[in-house]
Amino acid sequence: MSQSTLTKPSALGAPVAGAFWMILAGVAFAGVNTLEQIATVTLHLPAPTAAFLQYAVALVVILPWAARRGLPSLRSRRPGLQALRVLFAAVGVQFWVMGLSHAVPIGQAIALVMTSPFIVTLGAGLFLGEKVSLERWLAVVAGFAGGLIILDPFSASFTTASLYPLVASVLWAGVSLIQKKLLAEDSPETVTAWLLLLLAPVNLVLALPSGIAIPSGDAWMAIVAVGVLTAAAQGFLALAYAKADAAYVQPFDHVKLPLNVLAGWLVFGWVPSSQLWLGAALIVGASMFLLWRETRH
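Residues numbered from 1 in each chain as written. Predicted model: local features only at pLDDT ≥ 70, side-chain atom pairs only at ≥ 80, totals over all residues. Heavy atoms only, no water.

### Remarks on the side chain of Thr121
Phase 1 of the analysis: Mapped onto the secondary structure, Thr121 falls in helix H5 (residues 116-127).
Phase 2 of the analysis: For Thr121, a relative accessible area of 12% puts it in the buried group.
Phase 3 of the analysis: Setting aside chain neighbours within four positions, we find Thr121 in contact with Val132, Arg136, Val140 and Leu290. (Helix = DSSP H or I, 4+ residues; strand = E, 2+ residues; numbered from the N terminus. Buried < 20%, exposed > 50% of the residue type's maximum accessible area, 1.4 Å probe, protein only. Contact = heavy atoms within 4.5 Å.)

### Re the side chain of Ser155
Phase 1 of the analysis: Inspection of the secondary structure puts Ser155 in the loop between helix H6 (134-151) and helix H7 (164-182).
Phase 2 of the analysis: Here the side chain of Ser155 touches Asp152 through a polar contact of 2.9 Å, landing on its backbone oxygen.
Phase 3 of the analysis: Within the structure, the side chain of Ser155 is placed 3.2 Å from the side chain of Ser157, a separation counted as a polar contact. (Polar contact = N/O pair within 3.5 Å; in protein donor to acceptor, adjacent residues only side chain to side chain.)

### Quick look at a nonpolar patch on the surface
Phase 1 of the analysis: Together, Val61, Ile214, Trp220, Val224 and Val228 make up an exposed nonpolar region whose accessible area comes to about 440 Å².
Phase 2 of the analysis: The element best represented in the nonpolar patch is helix H9 (residues 217-243), accounting for three residues.
Phase 3 of the analysis: Looking at where Val228 falls in the secondary structure, it is placed in helix H9. (Patch = residues over 30% accessible without salt bridge, like charges linked within 9 Å, V, L, I, M, F, W, Y side chains within 5 Å. Areas by Shrake-Rupley, 256 points an atom, 1.4 Å probe, with all protein chains shown as cover. Salt bridge = Lys/Arg side-chain N within 4 Å of Asp/Glu carboxyl O.)

### Quick word on the packing of aromatic side chains
Phase 1 of the analysis: According to the stated counting rule, one finds five aromatic pairs in the structure shown.
Phase 2 of the analysis: Look at Phe20 and Trp21: their rings are 5.1 Å apart centre to centre, the planes differ by 70°, and that puts the pair in the edge-to-face class.
Phase 3 of the analysis: Using a relative accessible area of 47% as the deciding quantity, one classes Phe20 as partly exposed.
Phase 4 of the analysis: Seen from their ring centres, Phe268 and Trp270 are 4.7 Å apart, and the 25° between their planes marks the pair as stacked.
Phase 5 of the analysis: Judged by relative accessible area, which is 23%, Trp270 ranks as partly exposed.
Phase 6 of the analysis: Aromatic ring contacts, followed pair by pair, group Phe20, Trp21 and Phe236 into a single cluster. (Phe/Tyr/Trp six-rings, centres within 6.5 Å; stacked < 30°, edge-to-face > 60°.)

### A closer look at the packing of H5 against H7
Phase 1 of the analysis: The geometry of H5 relative to H7 is characterised by a closest axis approach of 8 Å and an angle of 50° between their N-to-C directions. Taken as axis vectors, H5 and H7 run oblique relative to one another. At the point where H5 passes H7, the crossing takes the right-handed sense. Contacts between H5 and H7 pair Ser116, Ile119, Val120, Gly123 and Ala124 from the former with Ser169, Val170, Trp172, Ala173, Ser176 and Leu177 from the latter.
Phase 2 of the analysis: Here the contact of H5 with H7 is composed, by residue class, of seven nonpolar, four polar and no charged. (Axes fitted to C-alpha atoms, helices over the stretch in contact; angles between N-to-C directions. Parallel < 35°, antiparallel > 145°, perpendicular 65-115°, else oblique. Left-handed = near helix turned anticlockwise from the far one by under 90°. Nonpolar A, V, L, I, M, F, W, Y, C, P; charged D, E, K, R; others polar.)

### Quick notes on the confidence of the model for the protein
Phase 1 of the analysis: When pLDDT is averaged across the protein, the result is 85; 91% of the residues are at 70 or more.
Phase 2 of the analysis: When mean pLDDT is compared element by element in the protein, helix H3 (residues 79-101) scores highest at 93, while helix H10 (residues 246-249) scores lowest at 68.
Phase 3 of the analysis: Ignoring residues within four places in sequence, the model shows residues 1-12, a span with pLDDT below 50, making one contact including any to other chains. (pLDDT = per-residue confidence, 0-100.)

### Quick notes on the packing of H5 against H6
Phase 1 of the analysis: Where H5 meets H6, the axes come as close as 9 Å, and the angle between the chain directions of the two elements is 140°. Here H6 runs oblique to H5, going by the angle between their axes. In the crossing of H5 with H6, the sense of the turn from one axis to the other is left-handed. Here Phe118, Ile119, Thr121 and Leu122 of H5 lie close against H6, whose contacting residues are Arg136, Trp137, Ala139, Val140, Gly143 and Phe144.

### Focus on H5
Phase 1 of the analysis: Here H5 contains twelve residues, and its C-alpha end-to-end distance of 16 Å stays within 8% of the 16 Å for a straight helix at 1.5 Å per residue.
Phase 2 of the analysis: Taken residue by residue, H5 has Ser116, Phe118, Ile119, Thr121, Gly123 and Ala124 as its buried positions.
Phase 3 of the analysis: Directly beyond the C-terminal end of H5, a positive phi value near 75° is found at Gly129. (Expected span 1.5 Å × (residues − 1).)

### What about the environment of His254?
Phase 1 of the analysis: Inspection of the secondary structure puts His254 in the loop between H10 and helix H11 (256-268).
Phase 2 of the analysis: Judged by its relative accessible area of 18%, His254 is buried.
Phase 3 of the analysis: Taking the C-alpha atoms as reference, His254 lies 15 Å from Ala233; in sequence the two are 21 residues apart.
Phase 4 of the analysis: Setting aside residues no more than four positions away along its own chain, His254 makes contact with Met114, Val284, Ser287 and Met288.
Phase 5 of the analysis: Looking at His254, its side chain comes within polar contact range of the side chain of Ser287, at 3.1 Å.

### Comments concerning the nonpolar core
Phase 1 of the analysis: Grouped together as the largest cluster of nonpolar side chains are 46 residues, with contacts concentrated most on Trp96, Val97, Ile110, Phe118, Leu199, Ile223 and Leu257.
Phase 2 of the analysis: Excluding its chain neighbours within four sequence positions, the residues that come into contact with Leu199 are Tyr55, Val86, Ala89, Ala90 and Trp194.
Phase 3 of the analysis: By size, the runner-up hydrophobic cluster in this structure holds nine residues, among which are Ala25, Ala233, Leu237 and Ala240. (Core = buried A, V, L, I, M, F, W, Y, C linked by side-chain atoms within 4.5 Å.)

See the structure below:
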């Protein structure tokens with residue numbers, strides 16, 4: 001048996017493993033969002049407290065793993081920009097959890113967050129000086145049109161809370177843009193360490209004005225599970241990108257939309273409207289077009 005024959009299964013296995021870990025991350029995030037809504041909507045845990053506890057638990061889970069491998073240096077050439085990135089991420093988490101706590105359907109919230117790549121494309125052209133081609137502009141317009149269809153701002157069911165996931169999407173797009181700028185001067189390990197170590201403390205500061213509520217027994221169980229699943233999901237994402245190219249595994253990230261819709265239907269009885277599927281089709285189609293165009297170039 002030749003050497004090429006021996007290595008062929010592992011070469012084929014890497015993309016399959018990357019897809020597997022990305023889908024598993026989607027499953028974990030569906031669990032995070034469902035349990036977050038149980039904790040805030042059903043068990044009445046305030047959204048700021050839930051957001052802080054989620055990342056505090058995730059930090060406790062991740063720290064032993066990170067310590068065994070040696071925490072990367074926090075020395076940064078742009079500490080102010082690092083701090084701004086963490087602040088954007090934390091405020092985004094607050095708006096995301098507030099949306100879930102106001103019973104915004106999980107599928108709708110996820111679909112709106114999926115507009116983030118288009119906001120990144122827009123921001124890269126406006127703030128980073130990157131050239132935005134006609135194809136990119138068309139994808140941005142299609143993605144935003146999908147988000148507008150899902151929001152349906154002229155319907156009777158539209159509320160201010162419906163905008164919270166979209167605000168989170170804008171803030172998380174800002175996180176991506178800042179990260180892109182930081183990586184020109186800081187290492188990926190430093191950028192990751194700042195977010196890992198500071199997200200929970202910043203969420204604590206944001207939660208203090210409204211007060212930290214003491215969860216009940218059931219709420220504790222739900223929020224601890226949310227924190228553990230958050231840490232697991234981040235680990236699954238890292239494994240996905242380690243096993244295969246980002247351009248290959250990224251489309252599997254879209255699996256999170258039907259998974260979250262299914263979770264919302266099973267747990268809360270939310271039946272997605274035809275508008276959600278139409279808007280989601282535009283968002284997914286536009287993002288796939290962007291991905292296809294970037295991989296070609």
